[in-house]
2 protein chains.
Amino acid sequence: MVYGVIGTGALGGFYGGRLAKSGQEVHFLLHSDYEYVKENGLQVDSCDGSFHLDKVNAYSSTTDMPKCDVVLVGLKTINNHLLTSLLPPLLRHNTVVVLIQNGIGVEDDVQKMFPDQPLVAGLAFICCSKTEPGRVNQQCYGSINFGNYSCKDEKTFHTVIDDFTHAGIQCAEVEYLEARWRKAVWNVPFNGMTVVLNTQTDLLLKHPSTRELIYTMMMEVITAARHLGVTGLDRSFADKMMEMTDNMTPYSPSMRLDFDRHRPMEINYIYLRPLQIAAEAGCPMPHVDALAKMLSYIGACND
Amino acid sequence: MVYGVIGTGALGGFYGGRLAKSGQEVHFLLHSDYEYVKENGLQVDSCDGSFHLDKVNAYSSTTDMPKCDVVLVGLKTINNHLLTSLLPPLLRHNTVVVLIQNGIGVEDDVQKMFPDQPLVAGLAFICCSKTEPGRVNQQCYGSINFGNYSCKDEKTFHTVIDDFTHAGIQCAEVEYLEARWRKAVWNVPFNGMTVVLNTQTDLLLKHPSTRELIYTMMMEVITAARHLGVTGLDRSFADKMMEMTDNMTPYSPSMRLDFDRHRPMEINYIYLRPLQIAAEAGCPMPHVDALAKMLSYIGACND
């Protein structure tokens, strides 16, 4: 299979790099790092074993790239409006587009741009960042779950999972809607709270009032998900997320990193869309709403 | 009547100073400014006409002060635990204690300390600060409303109002519970939001998301008050508070000033007690709750 990677940042570089290392044909769209990677290849520093790709199929424009069987989208969702121009050169009618992105409602919106394209949600559980041009650093974790949103060709969908597995990446098939909401249970409280309170996960959990607030928000997300028909989430999952985060190294989620770098935050898909979907389902999330509105203010001031 | 002032900061200095200027006998408890005021008197800079009191009855301890007919308490509520030792030397059984303080539940707690003492709530609408030792500056407004909490001696209660009026202070009698909640409608959203978002009133109202959040919190406070039997508050009062604040000079509420000076914030009586009272009445205020929990975190970090 021929893979394309749109947005070769931390996630695109890591997963695309792994696939290329395992022998798959992978074509990378690069932006600021294009010249460097074309010349020097791609370095993946990894807790599971670092490696270097000497020769990388690097492109500065998707118009130069071949048609692909699978396209991995690693863009930040705030750049998804670019997909209407970036994606078409890579697409055949059956090209599977894997959105390795954060938040809820992403697939709905991309499907509106490309009504007949098979879409898959990629839910990455990874601590990974681009440390310098052509170099990504996977500090820990690394698994990715795939939720089938609209890919009727089950065979290709499972080939993607097999290829990732063969590349040494822990992955699994999950139910799309549940997986997106499951991830939101952690993302919603921690992303915004670390920005608004300018802190990290450990301090939020250490102070009783923010610990309680985080748990309350987790339960608002879980309650909304259950209203939407997700059955696999309940209080025990919130307990599990609290325990997991208690045991994590103090951590700055992606939104905090974006904020610190004065980049736009993914407020729309991590907050506004889930709030809208939950409210429409008759299940408002008021604590989350308060956080989202403060974040919107901070985002507007941080531009 | 003999007046005592406990806590001669901005409010105690201004109202006590005005009463003394009008010829009342006023005794001031001072802390850090004691020596200065004893020597130099008290300067009141005021938009309504500045004045200086050359000779001030200044004390560094309430044990040296005479018994009073009325005691004005201008302490920050975070220091109310000191009242058990500060107040008794000034009290006869019928001494009226006027709590010129912020928040909800203050009178309930002070009454527990002094079960039979007549208490009055003083609700100040004033922009006033202590600018240097022995000097307070009233920038604008200045009125004070009195709500009778437990003063059975109506005559003395009304004499206080008359004395304030005679001193040139705009004041009125108001229904205690409604007055406290009425003031909370403004205090709850703006005090905490200016701290958490490190901003001022005008910018909060300019951005659509925080404007909406502030209005939502105002309505949560109004709804809780109505649950508690307050009938005089509805949506039109929230509209009025929004309009009033739109027309105000950009303003930092007292909590923001406390925060900036690394002083403890009045989180208990402005947030936690109203939240508790509202929740017990079956009317939680979730947006306010989210703000309060963030504030508690910030307060703990700001100590």
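So, how was this worked out
Residues numbered from 1 in each chain as written. Chains lettered and ligands numbered in written order. Predicted model: local features only at pLDDT ≥ 70, side-chain atom pairs only at ≥ 80, totals over all residues. Helix = DSSP H or I, 4+ residues; strand = E, 2+ residues; numbered from the N terminus. Rg over C-alpha atoms; globule rule 2.2 N^0.38 Å. Buried ≥ 20, exposed ≤ 12 C-beta atoms within 10 Å, placed from the backbone. pLDDT = per-residue confidence, 0-100. Least-squares fit on C-alpha atoms with pLDDT ≥ 70 in both. Contact = placed C-beta atoms within 7 Å. Nonpolar A, V, L, I, M, F, W, Y, C, P; charged D, E, K, R; others polar. Axes fitted to C-alpha atoms, helices over the stretch in contact; angles between N-to-C directions. Parallel < 35°, antiparallel > 145°, perpendicular 65-115°, else oblique. Left-handed = near helix turned anticlockwise from the far one by under 90°. Core = buried A, V, L, I, M, F, W, Y, C linked by C-beta atoms within 7 Å. Domains from an automatic or database assignment. Expected span 1.5 Å × (residues − 1). Pairing = 2+ DSSP bridges. Right-handed = clockwise from strand over helix to strand, strands pointing away.

1. Focus on the overall build of chain A
Part 1 of the reasoning: When you go through chain A residue by residue, the secondary structure sums to 12 helices and 10 strands.
Part 2 of the reasoning: Scaling as 2.2 N^0.38, a compact globule of 303 residues should have a C-alpha radius of gyration of about 19 Å, and chain A matches this with 19 Å.
Part 3 of the reasoning: When the backbone C-alpha atoms are referred to their principal axes, chain A occupies close to 50 × 40 × 35 Å.
Part 4 of the reasoning: Counting every position in chain A, which comprises 303 residues, the buried fraction comes to 49%.

2. Observations concerning the confidence of the model for chain A
Part 1 of the reasoning: With 100% of its residues at a pLDDT of at least 70, chain A reaches an overall mean of 96.
Part 2 of the reasoning: Complex prediction metrics read pTM 0.93 and ipTM 0.91.

3. Some words on the relation of the copies chain B and chain A
Part 1 of the reasoning: Superposing chain B onto chain A requires a rotation of 180 degrees together with a translation of 0.0 Å along the rotation axis, leaving an RMSD of 0.0 Å. Both chain copies can therefore be described as sitting about a two-fold axis.
Part 2 of the reasoning: A share of 100% of interface residues in chain B that are also interface residues in chain A marks the association as one of identical surfaces.

4. Some words on the interface of chain B and chain A
Part 1 of the reasoning: Each partner contributes to the interface: chain B provides 18 residues, whereas chain A provides 18 residues.
Part 2 of the reasoning: Listed by contribution, the elements that provide at least two residues to the side of chain B that touches chain A are helix H8 (208–227) and helix H12 (286–302) of chain B.
Part 3 of the reasoning: With 11 residues, H12 of chain B is the largest single contributor of residues to the side of chain B that touches chain A.
Part 4 of the reasoning: Counted by class, the side of chain B that touches chain A contains 10 nonpolar, five polar and three charged residues.

5. What about the packing of helix H6 (residues 176–196) of chain B against H12 of chain B?
Helix-helix packing is described using two parameters, namely the angle between the two axes and the distance between the axes.
Residue and element names in this part refer to chain B.
Part 1 of the reasoning: Interaxial distance between H6 and H12 falls to 10 Å at its minimum, and their mutual angle equals 45 degrees. In terms of their interaxial angle, H6 and H12 are classed as oblique. In this structure, H6 crosses over H12, and the sense of that crossing is left-handed. Two secondary-structure elements touch here, H6 through Val 188, Gly 192, Met 193, Val 195 and Val 196 and H12 through Val 288, Leu 291, Ala 292, Met 294, Leu 295 and Ile 298.
Part 2 of the reasoning: Class assignment for the residues of the contact of H6 with H12 results in 10 nonpolar, one polar and no charged.

6. Let's talk about the nonpolar core
Part 1 of the reasoning: Residues Val 98 and Val 221 of chain A together with Val 98 and Val 221 of chain B are the most contacted members of the largest nonpolar core, which totals 189 residues.
Part 2 of the reasoning: Residues contacting Val 221 of chain B, with those up to four places away along its chain left out, are Trp 181, Ala 184, Val 185, Val 188, Met 285 and Val 288 of chain B.

7. Some points on the domain arrangement of chain A
All names here are of chain A.
Part 1 of the reasoning: For chain A, the assigned domains are domain 1 (2–174) and domain 2 (178–302).
Part 2 of the reasoning: With 13 residues of domain 1 at the contact, the number on the domain 2 side is 16 residues.
Part 3 of the reasoning: When residues of the side of domain 1 that touches domain 2 are traced back to their parent elements, those giving at least two are strand E8 (119–132) and strand E9 (135–148).
Part 4 of the reasoning: Across the side of domain 1 that touches domain 2, the residue classes break down as six nonpolar, six polar and one charged.

8. Side note on the packing of helix H11 (residues 267–280) of chain A against helix H12 (residues 286–302) of chain A
Residue and element names in this part refer to chain A.
Part 1 of the reasoning: Between H11 and H12, the shortest axis-to-axis distance is 10 Å and the interhelical angle comes to 140 degrees. When the interaxial angle is binned, H11 and H12 end up oblique. Judged by the sense of rotation from one axis to the other, the crossing of H11 with H12 is left-handed. Contacts from Ile 267, Tyr 271, Leu 272 and Leu 275 of H11 reach H12 at Val 288, Asp 289, Ala 292, Leu 295, Ser 296 and Gly 299.

9. What about H12 of chain B?
Part 1 of the reasoning: Here H12 of chain B is 17 residues long and its end C-alpha atoms lie 24 Å apart, about the 24 Å a rise of 1.5 Å per residue gives.
Part 2 of the reasoning: Among the 17 residues that make up H12 of chain B, 14 are buried, leaving the element largely enclosed by the rest of the structure.

10. Topic: the pairing of strand E8 (residues 119–132) of chain B
Residue and element names in this part refer to chain B.
Part 1 of the reasoning: As judged from the three bridges shared by strand E7 (residues 96–99) and E8, these two strands associate in the parallel manner. Residue pairing for E8: Val 97 is matched across the bridge by Leu 119.
Part 2 of the reasoning: Taken together, the 12 bridges between E8 and strand E9 (residues 135–148) define a ladder with antiparallel strand orientation. Paired with Ala 121 across the bridge in E9 is Gly 147.
Part 3 of the reasoning: A loop of two residues connects E8 with E9, the two strands running antiparallel in sequence, and Gly 134 in this loop sits at a positive phi of about 70 degrees.

11. Quick notes on the environment of Val 37 of chain B
All names here are of chain B.
Part 1 of the reasoning: Considering the arrangement of structural elements, one finds Val 37 in helix H2 (residues 34–40).
Part 2 of the reasoning: Note on Val 37: 22 C-beta atoms within 10 Å, which makes it buried.
Part 3 of the reasoning: For the pair formed by Val 37 and Asn 57, sequence separation is 20 residues and the distance between their alpha carbons is 9.0 Å.
Part 4 of the reasoning: Setting aside residues no more than four positions away along its own chain, Val 37 makes contact with Leu 30, Leu 42, Val 56, Ala 58 and Gly 134.

12. A short note on the environment of Lys 21 of chain B
Residue and element names in this part refer to chain B.
Part 1 of the reasoning: Along the chain, Lys 21 falls in helix H1 (residues 10–21).
Part 2 of the reasoning: Put simply, Lys 21 and His 52 are 31 residues apart on the chain and 8.5 Å apart in space, counted from C-alpha to C-alpha.
Part 3 of the reasoning: Look past the residues within four positions of Lys 21 in its chain and what remains in contact with it is Phe 51, Leu 53 and Ala 167.

13. Digging into the pairing of strand E1 (residues 2–6) of chain A
Residue and element names in this part refer to chain A.
Part 1 of the reasoning: Most of E1 is tucked away, with four of its five residues classed as buried.
Part 2 of the reasoning: Examined bridge by bridge, E1 and strand E2 (residues 25–29) share five bridges and lie parallel to one another. Its bridge partner being in E2, Tyr 3 is matched across the sheet by Val 26.
Part 3 of the reasoning: Once you follow E1 into helix H1 (residues 10–21) and on to E2, the crossover reads as right-handed.
Part 4 of the reasoning: With four bridges connecting them, E1 and strand E6 (residues 70–73) associate as parallel partners. Pairing of Val 5 across the sheet is with Leu 72, part of E6.

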